[in-house]
Amino acid sequence: MAGTAARRDRTHYLYIAVIVAVILGVAVGFAAPGVAVELKPLGTGFVNLIKMMISPIIFCTIVLGIGSVRKAAKVGAVGGIALGYFTVMSLVALSIGLLVGNVLHPGDSLAVTDAVKEAGQGQVVAEAKDTVEFLLGIIPTTFVSAFTTGEVLQTLLVALLAGFALQAMGPAGQPVLRGVEHIQRLVFRILGMVMWAAPIGAFGAIAAVTGSAGLDALKSLAVLMLGFYVTCFLFVFIVLAALLRIIAGLNILTFFKYLGREFLLILSTSSSESALPRLIAKMEHLGVSKPVVGITVPTGYSFNLDGTMIYMTMASLFIADAMGDPMSLAEQIPLLLFLLVASKGAAGVSGAGLATLAGGLQSHRPELVDGVGLIVGIDRFMSEARALTNFAGNAVATVLIGTWTKEIDKERVDQVLAGLVPFDEKTLLDDASADPADRADAEPKGRPEAREGDKAAAGV
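For clarity, every value in this text was computed on a predicted model and none was experimentally measured.

## Some words on the overall build of the protein chain
Consideration 1: In terms of regular secondary structure, the protein chain is built from 21 helices and 0 strands.
Consideration 2: Taking all 460 residues of the protein chain together, the buried fraction comes to 53%.
Consideration 3: Counting only contacts in the protein chain whose residues sit at least 6 apart along the sequence, the fraction spanning at least 24 positions is 84%.
Consideration 4: Accessible surface, the protein chain: about 19,500 Å² in total, of which carbon and sulfur atoms supply 66%.

Here it is as C-alpha cells:
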C-alpha cells in the first residue's frame, strides 16, 4: 500500500507542472506574441490525444454498465430522466443569460467595421446541421466508423446496441464482457500515460491564445467578458449548488475539490472534452453506477451545454446592441429557443460556441451575423468559462441523476469526498492491479449481476 501511495503521489508533480506551464504560456504570449501563436500545435496535439481516447472509453463504459444490468427498463429510465433534466437546465441557462444581457447592454458603445463584418461572416460554419441532419448523423455509416469519426453520439448508439445485445445473451455474453473489461483497463492506462503530456499542451494552448488576442482586445470587450464570467459563476454556485445540496445533500465546493485536476486541465486547454474520460472514471470511483455514468456523461456533452447556452444568449444580445438593432423580448425568446435546438445540431463542430452562434443567427437573424466578428478576438477566452461551466453542469447532473434513480452509493460518496478512498491516478480504475495475476481470484466490484454471470459461465 505504501508503494501504491507513492505512485499516486507522483501525479501531484504533473499538475504542479501544468500550473507552471500556464503561467509561462501567458508570459510568452505577452512577451513574444508572434512566437506564442506558432506554439498552438502543441495545445492542439494534446487535445487530439485526449479525444483519441474518448470513443473507446465511452464504448467500454456503456457496454460494461448496460451488459451487467438485468433490466433494460432501468437504462431507459436513466436516459429519459437525463434528457428531461438537460432540457430544463438548458432553458434555465438561456433565461439567466437573457436576464443578465438585458441588464448590462454591453454592446451599446461598439461600432462594426468592414473588417469586423468579414470576420463575422467567416464564422458561419457550413458543417452546422439542422435538427433532422443531426438526428440522422447519430447513425454511423458502419459499425466501426463510429470509432474513427470521433462522433460521441455515434459511439453512444453503437455502445447501447452492444450493451443491450450482451444483456440479452445472459451468461453467454460474460466472456465478451470480460474482454471489454480488459480493453477498458488498457485504454485507461494509455490515458494515464497521455496525461503526462499535459504541461506541454497547456503551455502551447495558453501561449497561443494570449499571443493572438493580446491585451488591447481584452480591454475593449472587458464588459462582455466580465459579465459572462460572472453569469457563469452565479449559475454554477447558486443554481447548480442549490440543486446539489437539496437533492444529493452535497457541498459543491467539496465536490469541485474532488474534480480540481479536471478543472485545471480544462482551464489550460479551453476544452471540456479533454476532461471527459477522467470525468467518467471519477464519477464511477465516486460511487455512481456504470449505467448512469455511461449514459449521462456522453449524452450531456452534446445535450447539456449550460455554459454554451449562457454564452449564446449574452452574445446574441451583445451583437444586436452593437449593430444598433436591439431585440425586443418578443424577438429574443424565439431566437433563443432556436439556438437551443441549433446548439444540438452543431455539437460536433470544432469551436462549437462561436460556430453555433453564427449559424443560428444566419438562419434566424441574418442581418446580425456581421456582428459576430466583434467577439472573435475574445471568444477563446470566453470558451474557458464555457468549457468549465459545461463540465460542472455535467458533473452535477451525473450525481443528481444517480440520486434520482437510486444508482449511487452515498456511503461511498462520503468516503471519497472525505479523502478516505483516493482516486488511482495511474490506472483511473478502482480495482486495477499492476499484475493481472494478482486479481485472478478477485471478483469485479460494484457489479453483482456480472459476478453471478461469471459464476454461471464458469459452471459454478
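## Looking at the UniProt feature "transmembrane region" (unreviewed entry) in the protein chain
Consideration 1: As recorded in UniProt, the feature "transmembrane region" (unreviewed entry) lies at residues 12-37, 49-69, 81-100, 143-166, 186-209 and 221-243.
Consideration 2: Secondary structure across residues 81-100 divides into 100% helix and 0% strand, with the first and last C-alpha atoms of the span separated by 29 Å.

## What about the environment of Gly173?
Consideration 1: The topology assignment puts Gly173 in the loop between helix H8 (152-169) and helix H9 (174-194).
Consideration 2: In this structure the C-alpha to C-alpha distance between Gly173 and Gly163, which are 10 residues apart in sequence, comes to 9.8 Å.

## What about the pattern of salt bridges?
Consideration 1: Throughout the structure, instances matching the rule amount to 5 salt bridges.
Consideration 2: Taking the shortest distance from any N to any O, the salt bridge between Glu262 and Arg278 comes out at 2.5 Å. Within this pair, whereas Glu262 is found in helix H13 (residues 260-269), its partner Arg278 is found in helix H14 (residues 276-286), the two being separated by 16 residues in sequence.
Consideration 3: Looking at Glu262, the relative accessible area reads 0%, which means it is buried.
Consideration 4: Here Glu262 ties to Lys282 by a salt bridge, and the two come within 3.2 Å at their closest N and O atoms. Separated by 20 residues along the polypeptide, Glu262 in helix H13 and Lys282 in helix H14 bring together distant segments of the chain.

## Re the packing of helix H3 (residues 40-67) against H14
Consideration 1: Where H3 contacts H14, the two axes come as close as 8 Å, and the packing angle between them is 35°. Residues Ile50, Ile54, Ile57, Ile58 and Thr61 of H3 form the contact with H14, whose own contacting residues are Leu276, Pro277, Ile280 and Glu284.
Consideration 2: Residues that form the contact of H3 with H14 fall into these classes: 7 nonpolar, 1 polar and 1 charged.

## Examining the confidence of the model for the protein chain
Consideration 1: Chain-level statistics for the protein chain give a pLDDT mean of 75 and a share of 72% at 70 or above.
Consideration 2: This stretch, residues 1-9, has a pLDDT under 50; its non-local contacts, to residues over four places away or in other chains, come to 4 contacts.
Consideration 3: Within the model, the stretch residues 345-350 combines pLDDT values under 50 with 12 contacts to residues more than four positions away or in other chains.

## Digging into unusual backbone geometry
Consideration 1: Non-glycine residue Lys406 carries a positive phi angle of around 55°.
Consideration 2: By secondary structure assignment, the location of Lys406 is in the loop between helix H19 (376-404) and helix H20 (410-417).
Consideration 3: Looking at Lys406, the relative accessible area reads 74%, which means it is exposed.

## Concerning H20
Consideration 1: Looking only at H20, the buried set comprises Val413, Val416 and Leu417. Down the axis of H20, the buried set is contained in an arc of 90°. They therefore lie on one face.
Consideration 2: On its buried face, H20 sits against helix H12 (252-258) and H14.
Consideration 3: For H20, the N-terminal capping position is held by Asp409, with its side-chain oxygen 3.2 Å away from the main-chain nitrogen of Glu411.
Consideration 4: One or two residues past the end of H20 sits Gly419, with phi positive at roughly 85°.

## Some points on a nonpolar patch on the surface
Consideration 1: Together, Leu226, Val230, Phe233, Leu234, Phe237, Ile238 and Leu253 line one region of the surface with nonpolar side chains, adding up to about 670 Å² of accessible area.
Consideration 2: The biggest single contributor to the nonpolar patch is helix H11 (residues 222-248), with 6 residues.

## Examining the environment of Ser272
Consideration 1: Topologically, Ser272 is positioned in the loop between H13 and H14.
Consideration 2: Given the relative accessible area of 12%, Ser272 is considered buried.
Consideration 3: Each residue touching Ser272, except ones within four places of it in the same chain, is listed here: Ile266, Tyr301, Ala387, Asn390 and Phe391.

Rules used in this analysis
- Residues numbered from 1 in each chain as written.
- Predicted model: local features only at pLDDT ≥ 70, side-chain atom pairs only at ≥ 80, totals over all residues.
- Heavy atoms only, no water.
- Helix = DSSP H or I, 4+ residues; strand = E, 2+ residues; numbered from the N terminus.
- Buried < 20%, exposed > 50% of the residue type's maximum accessible area, 1.4 Å probe, protein only.
- Contact = heavy atoms within 4.5 Å.
- Areas by Shrake-Rupley, 256 points an atom, 1.4 Å probe, with all protein chains shown as cover.
- UniProt positions renumbered as here; feature names shortened; annotations may be inferred.
- Salt bridge = Lys/Arg side-chain N within 4 Å of Asp/Glu carboxyl O.
- Axes fitted to C-alpha atoms, helices over the stretch in contact; angles between N-to-C directions.
- Nonpolar A, V, L, I, M, F, W, Y, C, P; charged D, E, K, R; others polar.
- pLDDT = per-residue confidence, 0-100.
- Arc of directions from axis to C-beta.
- Polar contact = N/O pair within 3.5 Å; in protein donor to acceptor, adjacent residues only side chain to side chain.
- Patch = residues over 30% accessible without salt bridge, like charges linked within 9 Å, V, L, I, M, F, W, Y side chains within 5 Å.

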